[in-house]
Amino acid sequence: MNAYLQCVETDEPLDLAAVSIIGRCSECQIIIADSRVSRRHAMIRRQEGGFYLFDLGSFNGSYLNGSRVTAARQLRHGDVLSFADHEYQYGERGEKSTPTSLEESGGSTTALIRSTPVVLLVSDIKGFSELSESIEADDLAQVIGSWYSDCERILDEAGATVDKFIGDCVLAYWTTVNPDSLSSALRAAEQLLASCVRIYHERPDIFEKIHRQFEIGVAIHTGKVAYGGLSQGEFTLVGDPVNLTFRLETLTRELGRNVLLSGDFVRQWPEVRSCCKNHGVHRVKGRVQGVEVFSVNEFPTRPAAGNQPRRPEI
């Protein structure tokens with residue numbers, strides 16, 4: 001299934017990629033040259049068998065069929081999207097996958113699944129339920145939209161693939177495990193933390209009113225996963241390392257640290273051990289075998305920089 005937006009004013013169809021950013025800056029896939037439209041206003045992303053609309057913390061909001069978007073919304077054929085006064089109708093070409101008998105198809109297509117080592121990163125907003133209860137839906141949409149936008153940009157620049165957003169959580173991965181990808185994952189974690197500081201200072205009216213910070217937890221792990229097209233139109237990865245990375249991220253609350261690394265990650269890159277604190281082996285939900293856990297005390301600089309590690313607030 002392919003999807004597109006058709007401009008109501010001009011009737012021009014605009015094909016949607018797996019990720020399409022809508023806004024007025026030149027880097028956007030769909031550009032709307034209007035000062036009332038934010039530079040990175042909204043995002044349409046393909047995931048879980050369909051296309052979803054996210055507002056990216058825009059000043060004037062994104063609207064779906066006349067209602068302001070305050071959380072990810074799946075799009076349906078014929079939906080009308082509005083950004084300022086600009087309207088687009090969402091459309092789909094082709095049919096979604098349906099079961100086909102061997103007699104009809106001459107044999108079904110076998111999905112190509114690879115088993116490959118990857119670097120995994122999971123990041124989650126801390127106290128999201130409390131945050132949702134404490135602030136207005138429009139304010140929450142701007143905060144979460146800004147975070148989504150920063151995650152996309154930071155992880156893309158770090159060479160990662162964003163597998164999916166799940167509410168207030170993101171899963172990303174690198175398909176090689178070497179010093180470059182391992183250091184890229186740590187740099188991404190550092191920049192994700194910096195993004196939280198930026199978002200907090202951009203909207204002090206929201207956070208000071210509820211007397212709380214905007215914080216995330218980040219977990220990074222390495223392992224071998226099943227990686228490929230697991231269903232029609234859905235390309236993802238599964239396996240115990242994926243589940244473990246999610247479980248590792250939940251330990252950031254218990255240990256009071258923002259960035260945790262697995263023992264497997266540290267063994268792949270022993271030089272990072274000097275920047276970490278070893279918290280020993282921890283049991284995680286749904287897993288018999290424990291996981292060795294390290295927290296990051298300081299982020300190492302890039303090897304080429306030749307500088308000593310910096311010590312940010314972690």
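Above this text is the structure in question.
Residues numbered from 1 in each chain as written. Predicted model: local features only at pLDDT ≥ 70, side-chain atom pairs only at ≥ 80, totals over all residues. Heavy atoms only, no water.

Q: Hey, could you run me through the overall build of the protein in this one?
A: Of regular secondary structure, the protein possesses 7 helices and 19 strands. Expressed as a percentage of the 314 residues in the protein, the buried residues total 48%. Summed over all atoms, the accessible surface of the protein reaches about 15500 Å², with 46% contributed by carbon and sulfur. (Helix = DSSP H or I, 4+ residues; strand = E, 2+ residues; numbered from the N terminus. Buried < 20%, exposed > 50% of the residue type's maximum accessible area, 1.4 Å probe, protein only. Areas by Shrake-Rupley, 256 points an atom, 1.4 Å probe, with all protein chains shown as cover.)

Q: What exactly am I supposed to notice about the sheet that holds strand S3 (residues 19–23) here?
A: The pairing of strands in a sheet comes from backbone hydrogen bonds and takes either a parallel or an antiparallel form. Strand order in the open sheet made by the 5 strands is S4-S3-S5-S6-S9, with mixed pairing throughout. Each edge of the open sheet is held by one strand with a lone partner, namely strand S4 (30–31) and strand S9 (73–74). Pairing of S3 with S4, which is carried by 2 bridges, proceeds in the parallel orientation. From the neighbouring strand, Ile22 faces S4, where its bridge partner is Ile30. Together, S3, strand S5 (42–47) and strand S6 (50–55) form the strand contacts of helix H3 (residues 137–157), whose direction differs from that of S6 by roughly 115°. (Pairing = 2+ DSSP bridges. Contact = heavy atoms within 4.5 Å. Axes fitted to C-alpha atoms, helices over the stretch in contact; angles between N-to-C directions.)

Q: What's the story with the pattern of salt bridges in this structure? I'm lost.
A: Where charged atoms from two side chains of opposite charge approach closely, those side chains can pair. Evaluated as defined, the whole model comprises 15 salt bridges. In this structure, Arg36 engages Asp85 in a salt bridge whose closest nitrogen and oxygen atoms are separated by 2.8 Å. Of this pair, Arg36 sits in the loop between S4 and S5 while Asp85 is found in the loop between strand S10 (80–83) and strand S11 (86–93), placing the two residues 49 residues apart along the sequence. Arg36 gets classed as partly exposed once you look at its relative accessible area, which sits at 37%. (Salt bridge = Lys/Arg side-chain N within 4 Å of Asp/Glu carboxyl O.)

Q: Any chance you could explain H3 here in plain terms?
A: An α-helical turn contains 3.6 residues, so a residue and the one three or four places further along point in the same direction. With 21 residues, H3 should cover 30 Å at 1.5 Å per step; its first-to-last C-alpha distance of 30 Å lies within 8% of that length. Of all 21 residues that make up H3, 16 are buried, and the element is covered over most of its length. Once H3 ends, the next one or two residues include Gly159, with phi positive near 85°. (Expected span 1.5 Å × (residues − 1).)

Q: Just checking my understanding: could you explain the nonpolar core for this structure?
A: Where a protein is soluble and globular, its nonpolar side chains tend to be buried together. Leu155, Phe214, Ile220, Leu261 and Phe265 are the most contacted members of the largest nonpolar core, which has 54 residues in total. When sequence neighbours within four positions are dropped, the list of residues in contact with Phe214 reads Ile125, Leu131, Val143, Trp147, Cys196, Ile199, Tyr200 and Phe207. Counting 20 residues, the second-largest nonpolar core is a separate cluster that includes Ile30, Ile44, Phe51 and Leu75. (Core = buried A, V, L, I, M, F, W, Y, C linked by side-chain atoms within 4.5 Å.)

Q: Help me understand the environment of Gly280, please; the structure alone is not making it clear to me.
A: Counting through the fold element by element, Gly280 comes out in strand S18 (residues 276–282). In this structure Gly280 comes out as partly exposed when scored by relative accessible area, which is 26%. Once the C-alpha coordinates of Gly280 and Gly290 are considered, the two residues, 10 residues apart in sequence, prove to be 9.6 Å apart. In contact with Gly280, not counting residues within four places along its chain, are Val291, Glu292 and Val293.

Q: I would appreciate a short explanation of the pairing of strand S13 (residues 161–166) in the present structure.
A: For a regular strand, side chains alternate in direction, first toward one face of the sheet and then toward the other. Alignment of S13 against strand S14 (residues 169–174), held across 5 bridges, turns out to be antiparallel. Counterpart to Phe165 in the pairing with S14 is Val170. From the end of S13 to the start of S14, which pair antiparallel, there are 2 residues, and Gly167 there has a positive phi angle of about 65°.

Q: Can you help me understand helix H6 (residues 240–255) in this one?
A: For H6, which comprises 16 residues, the first-to-last C-alpha distance of 22 Å matches the rise-based estimate of 22 Å (1.5 Å per residue) to within 8%. All buried positions along H6 are accounted for by Pro241, Val242, Leu244, Thr245, Leu248, Glu249, Leu251 and Thr252. Down the axis of H6, the buried set is contained in an arc of 165°. They therefore lie on one face. A positive phi of about 70° marks Gly256, the residue just after H6. (Arc of directions from axis to C-beta.)

Q: Help me out: how do you make sense of the side chain of Ser195 in this one?
A: Inspection of the secondary structure puts Ser195 in helix H4 (residues 179–202). Ignoring any residue separated from it by four or fewer positions in sequence, one finds Ser195 in contact with Asp150 and Ile154.

Q: Even after reading the chapter, I still don't get the packing of aromatic side chains, so can you show me in this structure?
A: Any pair of aromatic rings gets described here by the distance separating the centres and the angle formed by the planes. Within the structure shown, the criterion is met by 7 aromatic pairs. Measuring from centroid to centroid gives 4.9 Å for Phe54 and Tyr148, while their planes differ by 90°, and the two rings are edge-to-face. Taken together, the residues Phe54 in strand S6 and Tyr148 in helix H3 connect sequence positions 94 residues apart. With respect to class, Phe54 is no different from Tyr148; both count as buried. (Phe/Tyr/Trp six-rings, centres within 6.5 Å; stacked < 30°, edge-to-face > 60°.)

Without other data, these values stay purely geometric and don't point to any function.
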